[in-house]
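Structural characterization, general
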Amino acid sequence: MTIGIDGSILSASADYPLHRLGWKSFQDLCVSVAEECLRRPVQNFLPSADAGRDGAFVGKWDGDDPASGESTIQCKFTSKEGLNLSLSMLSDELPKAAKLAAKGLAHDYIILTNHPVTGASDLAIREAFQKEGVGRCRIFGSDWISRQIKTSPRLRMMAPRLYGMGDLTELIDARAYEQAQLILSAMGNDLERLVVTDAHRRSVRAISEHNLVLLLGAPAAGKSTIGASVAIGAADIWQSNTIRATSPEDVQRHLDPKGSQFFWIDDAWGNTQYQQQTAERWNQVFPLMQGAMRRDTRFLITSRDYIWHAAQRDLKLSAIPTLRQSQVIINVQELSTAEKAQMLYNHLKMGDQPAEFRAAVKDLLPTLAERKDFLPETARRFGSRFFADGLKTDAASVEKFFAKPQDFLFDTVVSLSIDCRAAIATVFLNGGTARSPVSSENIAAGATAFGAEPGAVRAQLEALDGSLLLLAQDKAGGFWTYKHPTVSDAFAKYLASKPELVEIYLRGAKPYSVIYEVVCAGISIKGAPLVIPDTLVNMLVEKIAGIDKGFLRTFVTYRGNRTFTEAVIERRPDLMSGLSSFVTPIKDDPDSQLLARLHALGLLDEETRANFAAAVIDAIADSADSSIFEESGLKSVLNTDELTIARQTAKTEVLDKVGNHVARLKVEWDKEYPPEDYFYDLEKAVKKIAEDVSINDTAALAALGKAVQIAVASMEEDYEPASSTSAPVSSSTPRSSGLAALFRDVDE
C-alpha cells in the first residue's frame, strides 16, 4: 500500500470492475463523483482530441477551498483491467492543460481515472501538469473511486448500474443485502446495463417528494428496470426494509406500523391486461398505504399505461391522492437520442453477441438510436444471441428487427422446439409463475399440451433461463417466470393462433390462471387474445365455477357473454346475492357493475332493477353520488321516469345544497389526510351532476369552491404533512459527445 502526498491511498485492492463500464458510462460516473464526493458540480464539457473518449469538464466553485475558482476535471478510461496509469498516457493532455491554465480555467486540475495509479506515477504526473501552469493537480485512480462507491450510498444511487456490477455484501448490510438479492434475481443482469434516463431521475425526485411514485409506460419501455434500481437504492440510502409486493394482500401483510419500509409493486393491476379482480382489494389497502407514507414508508408502483387508464375508473383514488401527483410517464418517443444510444451500447457491450457481429452493426448504431420506435427491450434482445442469432447485419434486416419487435418475438416462439414451447407453457398454465422445483403435475400439464417428455421440459426450463424465462427468488424460494412480460403476450398470441391448443389450455390451466387470460366470444380486452368460443363454454364453466365469488363476479361482469353468464349463474346462484343493497359511491360497488352487465345481457329481473333505481336516487340525495351521471352502463338501468326523478333529486339535494355536503365530509375528515385533496371526489361529483342536470349551473360550482376553500383553510390548522428525505439527483449539466464516438469501442 502506498500513501500519497495528501494522505490518500494510491494503491490497494481495486475490486470494482470499472473497466466494464464503457468509456461514456465512466465519464458519467466521473460527473457524479465530482458532484457528490468532490463537491464540484460540472457546468461545461470540453471535447477531447479523440472525439470524447477521455473527455474533460470545467466549472467554477466558490468557497474557502484553495482550489476554488475555475477548475478542470479530466477523465481517463481504459477497458483493460489492471493497466497502470503513466505520464506517457497523458502526454496529449499537457499542452491542452497549459492552454486552460493560460485562460484561468485550471486553478484546480483533477484527473479521475479507472487505471490503477502508483505512487511514482502520481508524483510524476503532478509535477508535469503543474509545470504547465495548473494551480494544483490531483490524481484519483481506480482504488480511490472504488472506495467512494463503497462509502457513499448517495453516489451509488446517482449511478445505479453500480448495484448490478459490484459486490453488494460490501455495500449494504446483511438484511438489506438479502432483500436486494431477491430484487436482482427478478431482473437477471439488466440492472448492470441500466441507463439513467430523465424518467429515472424524475422517479427518484417523485419518491423523495411524495414517498410514492407511479411509473407508467408502454410494454418494453424499461419500467421494471427503473423500479429495481430505485428499490435497491432505497435499501441502501434510506436503510429501508425493502419488499417486492405482488398483490394488495402482500402490502397489507407486510406493512410495519413503525414505518421506514420500501414497497416495489410491479404491474400492480395486471402484467399484460387489466385485472378488475384486483381493484376492489387495492381500494381496501389504499388508506393503509396513505397512513404508512406518513411514517416514511415509500411505494414504487409500475403499470402499463393502457392498464392504468382502464384501472382508474375502478380505483378509489381519493383514498390515496398522491397517485395523481406522483406519476412519471415513460414515453419512449421522448427518450433522448443520447439515452437510446447508451442503451444500445450497454446491451451490445455487455451482451453475448460475438465481436464480429458488433463490428458488422457498429456503423448502423447511430441511426438505430435515432429511431422513433426504439424500445429498451429491443436493445436488450439485439445484444443477445438467443434473439438475434442468424440476424443479417445489413441495414434493412437490422432496421426491421427494431421496427417489428413483437413480430420477431412471436416468430421466435413459433420456431422453438416443442420442448421449449412446453417449458413456456408450464409457466403460462400457472399464471406466469411456477414454483421451483416444478412439480411433476405442473410439468405434465405443459408437456401434454405439446406432446413433450417431462424430462425434456425440465431441461428446457434451465436452457431458457435469462432469455425467455427467468429463475427468480422470493422469500418462499425460487420460481420460474417470464424474463419480460412481452413473452407472455407472444405466447398467448401463439396459443390463440392454434384453436386446438385453446381446448388443451382449458384442460391444463389452473382456474385462477384462466380467469386472467381468457375472454368469451364477443368480448374484447386489450392484452387478452385467448377467446373461448361458445362450443367450449361448458368446459370453461366447469373449470372456473368453483372459484371465489368475488373473482367469478368480476369475470362475469367484464369477460363473460350471455351464453357463459346464463350457464354459470345456474351453477352459482350466489352471484346474485349482493344485488339488493349497495355501498356508495355505487359505481365502486362491484355488485352494481354486475347488475348493469346482467341488464345489458337481458338477464336482470324487474324487481331487482327497480330496487337498484331507488338505491341510486337515495345515494344522490344522501351523499352526492354521481355514479349514474359518470357511467352510461349504470344510467341505462334506470327507465325514463326514474332518470327524471334522479335529475330532480340531484338539483334540489346536491346543487342547491353543496355547503351541506362540504360540512358533512369535513366532520368525517381524518387529520392525517391532506386537506387540499380531501374534497376532490365531491368536486368531481358536483361537476358531473351539473353537466348532466344543469348545463350552466355556475352558481352551484362557485358556492362549492367557496365552501371548500373555507373548510380547507380551517383543516390546515390541524394537518401535519408527512416528512420525507430527499434522494440524490445530479444537478450537473455536461454536454453529450457525438454518437459515432460513443460506439467507437463497442466491438472491442
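Please refer to the structure higher up on the page.
Structural notes, computed from the coordinates. (Residues numbered from 1 in each chain as written. Predicted model: local features only at pLDDT ≥ 70, side-chain atom pairs only at ≥ 80, totals over all residues. Heavy atoms only, no water.)

Along its 13 residues, helix α3 (residues 119-131) runs 19 Å from first to last C-alpha, staying within 8% of the 18 Å computed at 1.5 Å per residue. For α3, the full list of buried residues reads S121, D122, I125, R126, A128 and F129. Take α3 and look down its axis: the buried residues cluster within an arc of 165 degrees, on one side only. Of the exposed residues in α3, those oriented more than 90 degrees away from the buried face are A120 and K131. Phi turns positive one or two residues past the end of α3, at G133, with a value near 110 degrees. (Helix = DSSP H or I, 4+ residues; strand = E, 2+ residues; numbered from the N terminus. Expected span 1.5 Å × (residues − 1). Buried < 20%, exposed > 50% of the residue type's maximum accessible area, 1.4 Å probe, protein only. Arc of directions from axis to C-beta.)

Residues S436 and P437 are joined by a peptide bond in cis, for which omega reads 0 degrees. With respect to the helices and strands, the residue P437 is situated in the loop between β13 (434-435) and α22 (440-450). A cis geometry characterises the amide bond from T584 onward to P585, with omega recorded as -5 degrees. Tracing the sequence through the fold places P585 in the loop between α29 (562-571) and α30 (590-600). With phi around 65 degrees, D296 is a residue other than glycine that occupies positive phi space. With respect to the helices and strands, the residue D296 is situated in the loop between α11 (279-293) and β11 (298-304). A positive phi angle, near 55 degrees, is found at A624, a position not held by glycine. Structurally, the position occupied by A624 is in the loop between α31 (606-623) and α32 (627-630). In this structure A624 comes out as buried when scored by relative accessible area, which is 4%.

Take the sheet that holds β13 next. An order of β13-β15-β14 is seen for the three strands of this open sheet, with the pairing classed as antiparallel. This sheet does not close on itself; its edge strands, each paired only once, are β13 and β14 (469-474). Seen against the sheet, helix α21 (residues 418-428) touches β13, β14 and β15 (477-482) and runs at an angle of roughly 110 degrees to β15. (Pairing = 2+ DSSP bridges. Contact = heavy atoms within 4.5 Å. Axes fitted to C-alpha atoms, helices over the stretch in contact; angles between N-to-C directions.)

Taken as a whole and judged by the stated rule, the model has 23 aromatic pairs. The interplanar angle of 20 degrees and the centroid separation of 6.0 Å between the aromatic rings of F374 and F402 together place this pair among those described as stacked. In this pair, F374 sits in the loop between α16 (365-369) and α17 (376-382) while F402 sits in helix α19 (residues 395-403), placing the two residues 28 residues apart along the sequence. Classification of F374 as buried rests on a relative accessible area of 0%. Classification of F402 by relative accessible area gives buried; the value is 1%. Through a chain of ring-to-ring contacts, three or more aromatic side chains come together here, namely F357, F374, F382, F401, F402 and F408. The ring of W238 carries R298 above its face, with NZ or CZ at 3.8 Å from the centroid. (Phe/Tyr/Trp six-rings, centres within 6.5 Å; stacked < 30°, edge-to-face > 60°. Lys NZ or Arg CZ within 6 Å of the ring centre and 35° of its normal.)

Going residue by residue along strand β12 (residues 327-330), you find V328 and I330 tucked away on one face and Q327 and I329 left uncovered on the opposite face. Taken together, the four bridges between strand β8 (residues 212-217) and β12 define a ladder with parallel strand orientation. Looking at the pairing, G217 lines up with I330 of β12.

Next up on the list: the sheet that holds strand β10 (residues 261-265). The five strands lie next to each other as β9-β10-β11-β8-β12, forming an open sheet whose pairing is parallel. The two strands at the open ends of the sheet, each matched to only one other strand, are β9 (241-245) and β12. Neighbour-to-neighbour, the strand axes of the sheet open up by a mean angle of 15 degrees, direction not taken into account. Relative to the sheet, α11 contacts β8, β10 and β11, its axis offset from that of β11 by approximately 140 degrees.

Our next topic: the pairing of β9. Pairing of β9 with β10, which is carried by five bridges, proceeds in the parallel orientation. Within β10, the residue paired with I243 across the bridge is F263.

Here we take up the nonpolar core. Looking at soluble globular proteins, one finds that nonpolar side chains tend to be buried together. Core analysis: the biggest nonpolar cluster contains 107 residues, and L540, F564 and F679 have the highest contact counts within it. With near-sequence residues (within four places) excluded, F564 lies in contact with C520, V537, L540, V541, I544, F555 and V556. Core analysis: the second largest hydrophobic core is formed by 47 residues, Y16, L365, F401 and F402 among them. (Core = buried A, V, L, I, M, F, W, Y, C linked by side-chain atoms within 4.5 Å.)

One can find K687 in helix α37 (residues 680-693). Look at K687 and you get partly exposed, because its relative accessible area is 49%. Counting along the chain gives 17 residues from K687 to L704, while the straight-line C-alpha distance between them is 9.8 Å.

Packed helices, taken two at a time, are described by the angle between their axes plus the distance between the axes. Put simply, helix α34 (residues 640-653) and α37 touch, their axes get as near as 10 Å, and they point 125 degrees apart. Judged by the inter-axis angle, α34 sits oblique to α37. The way α34 lies across α37 gives a crossing that is left-handed. Counted together, R647, A650 and K651 of α34 and I689, D692 and V693 of α37 form the full contact between these two elements. When its residues are assigned to classes, the contact of α34 with α37 shows three nonpolar, no polar and three charged. (Parallel < 35°, antiparallel > 145°, perpendicular 65-115°, else oblique. Left-handed = near helix turned anticlockwise from the far one by under 90°. Nonpolar A, V, L, I, M, F, W, Y, C, P; charged D, E, K, R; others polar.)

Attention shifts here to the pattern of salt bridges. Counted by the stated rule, this structure contains 33 salt bridges. Put simply, R313 and D314 hold a salt bridge, and the shortest N to O gap is 2.8 Å. The closest approach of N and O atoms between D474 and R435, which form a salt bridge, is 2.6 Å. Residue D474 is located in strand β14, and its partner R435 is located in strand β13; the two are separated by 39 residues in the primary sequence. Here D474 falls in the partly exposed class, since its relative accessible area comes to 27%. Residue class for R435 comes out partly exposed when judged on its relative accessible area of 40%. (Salt bridge = Lys/Arg side-chain N within 4 Å of Asp/Glu carboxyl O.)

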